[in-house]
Amino acid sequence: MKYLIGNHKMNLSEAELKSYFKSLKKIAKNSSNFVGVCVPYVYLPLANKMCKNTKIHYGAQNMFYEKNGAFTGEISADMLKDFNTEMVIIGHSERRNIFKETDELVNKKVLSALANNLKPIICVGETKDERENKQTNKVLKTQIKKALANVEAQSLNQIIFAYEPVWAIGTGVSATVEVAEKTIKFIKEIIAKMYDLQDLNKIIVLYGGSLNEKNGFELLSQSHIDGGLIGGASLKTEKFEKIINIKI
Ligand code: 13P
């Protein structure tokens, strides 16, 4: 079983998403994979309505860590739960880079998501410069350690990690299979070491960054890659379906 989760980012209209869910419902029904989609906040009521009694898992793309208060424009975990939201992306590189989210903020959001029974999808990844300067391992180690500060071992099975190299996102050029597999194994080893775990298979890490129906088979065939967090190629069900139906 692989996790195939779409991140719609700031895309699709309500009407488009309605027909999207209608098609995805059938695709998910015939799949043994975990099929998910993270939609803009305003479409969570629609997801709640249309994904009920289906095999589609849905989530949000962000949240704030406080329970309530004077935080104009923000959305709390409780509000997400009002619409039966199951997952929430935290620390996506677009949030880190465009909205200047820090590792400390990511950690607060992770703790709040866990406390509210949401599955955080924690994104980590290096920039092109960092990779070229051989900083990848150091950057990932810092992002992971800080994201998981004060997270208890028993919460780990509630967390999905996503390795999303910034240079591969939305560029049409994914990481090579070797790089993706090796880096994801490294991520699992860091987490295993932090929590004294013997079995790397207990840690779920997805790959994200220009994963599509053409390179999906190779990437998803790797033993440490537990699935994909998919942007562009998840926006049309015709494309997403080809990834969901890849037989490993
Ligand atoms: P693309 O698949 O469009 O490269 O986006 C990946 C991503 O950022 C998923 O969160």
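Relevant structure appears above.
Quick summary incoming for the structure in this document.

Rules used in this analysis
- Residues numbered from 1 in each chain as written.
- Predicted model: local features only at pLDDT ≥ 70, side-chain atom pairs only at ≥ 80, totals over all residues.
- Heavy atoms only, no water.
- Helix = DSSP H or I, 4+ residues; strand = E, 2+ residues; numbered from the N terminus.
- Buried < 20%, exposed > 50% of the residue type's maximum accessible area, 1.4 Å probe, protein only.
- Contact = heavy atoms within 4.5 Å.
- Pairing = 2+ DSSP bridges.
- Salt bridge = Lys/Arg side-chain N within 4 Å of Asp/Glu carboxyl O.
- Phe/Tyr/Trp six-rings, centres within 6.5 Å; stacked < 30°, edge-to-face > 60°.
- Core = buried A, V, L, I, M, F, W, Y, C linked by side-chain atoms within 4.5 Å.
- Near = heavy atom within 4 Å.
- Polar contact = N/O pair within 3.5 Å; in protein donor to acceptor, adjacent residues only side chain to side chain.
- Areas by Shrake-Rupley, 256 points an atom, 1.4 Å probe, with all protein chains shown as cover.
- Nonpolar A, V, L, I, M, F, W, Y, C, P; charged D, E, K, R; others polar.

With that settled, the discussion passes to the overall build of the protein chain. Within the protein chain, the regular secondary structure consists of 10 helices and eight strands. Expressed along its principal axes, the backbone C-alpha trace of the protein chain runs to roughly 45 × 45 × 35 Å. Counting the 248 residues in the protein chain, one finds 52% classified as buried. Sequence separation of at least 24 residues holds for 72% of the intrachain contacts in the protein chain that already meet a minimum separation of 6.

Another aspect to go through is the pairing of strand 5 (residues 119-124). Among the six residues that make up strand 5, five are buried, leaving the element largely enclosed by the rest of the structure. One ladder, built from four bridges, connects strand 4 (residues 87-90) with strand 5; its direction is parallel. Each bridged residue has a counterpart across the sheet, and for I90 the counterpart in strand 5 is I122. As defined by bridge partners, strand 5 adjoins strand 6 (residues 160-163) across four bridges and the pair is classed as parallel. Bridge pairing in strand 6 places I121 opposite I160.

Inspection of the entire model under this criterion finds 13 salt bridges. Note that E101 is salt-bridged to R95, the shortest N-O span being 2.8 Å. Judged by its relative accessible area of 8%, E101 is buried. Taking the relative accessible area as the measure of exposure, R95 reaches 22% and is therefore partly exposed. A salt bridge links K128 to E132, with the shortest nitrogen-to-oxygen separation between them at 3.4 Å. A residue pair is termed a helical-turn pair when its members lie 3 or 4 positions apart in one helix, as K128 and E132 do in helix 6 (residues 128-132) at four residues. When its relative accessible area of 52% is taken as the criterion, K128 is described as exposed. With relative accessibility at 51%, the residue E132 sits in the exposed group.

When we look at a pair of aromatic rings, we describe it by the centre distance and by the angle of the planes. In this structure the tally under the stated criterion is five aromatic pairs. A ring pair is formed by Y3 and F34, whose centres lie 4.8 Å apart and whose planes are at 40°; its orientation type is tilted. Of the two residues, Y3 is situated in strand 1 (residues 3-7) and F34 in strand 2 (residues 34-38); the sequence distance between them amounts to 31 residues. A single burial state applies to Y3 and to F34, both of which are buried. Judged by centre distance (5.0 Å) and plane angle (50°), the rings of F64 and F71 are tilted. Under the relative-accessibility criterion, F64 is labelled buried at 14%.

If you look at the biggest cluster of nonpolar residues, it comprises 65 residues, and the most contacted ones within it are F21, L24, L148, F161, I191 and Y207. No other element matches helix 8 (residues 177-195), which puts nine residues into this core. Within the second largest apolar cluster, 13 residues are counted, among which are F34, I89, I121 and I160.

Now for the site of the ligand. Close contacts around the ligand come from N7, K9, H92, E164, A168, I169, G170, G209, S210, L229, G231 and G232, and that covers them all. In this structure, S210 approaches the ligand through a main-chain N or O atom, which is 2.7 Å from an oxygen atom. Starting from 310 Å² of accessible surface for the ligand in isolation, the protein chains cover 94%. Of the residues in the shell around the ligand, the class split is three nonpolar, seven polar and two charged.

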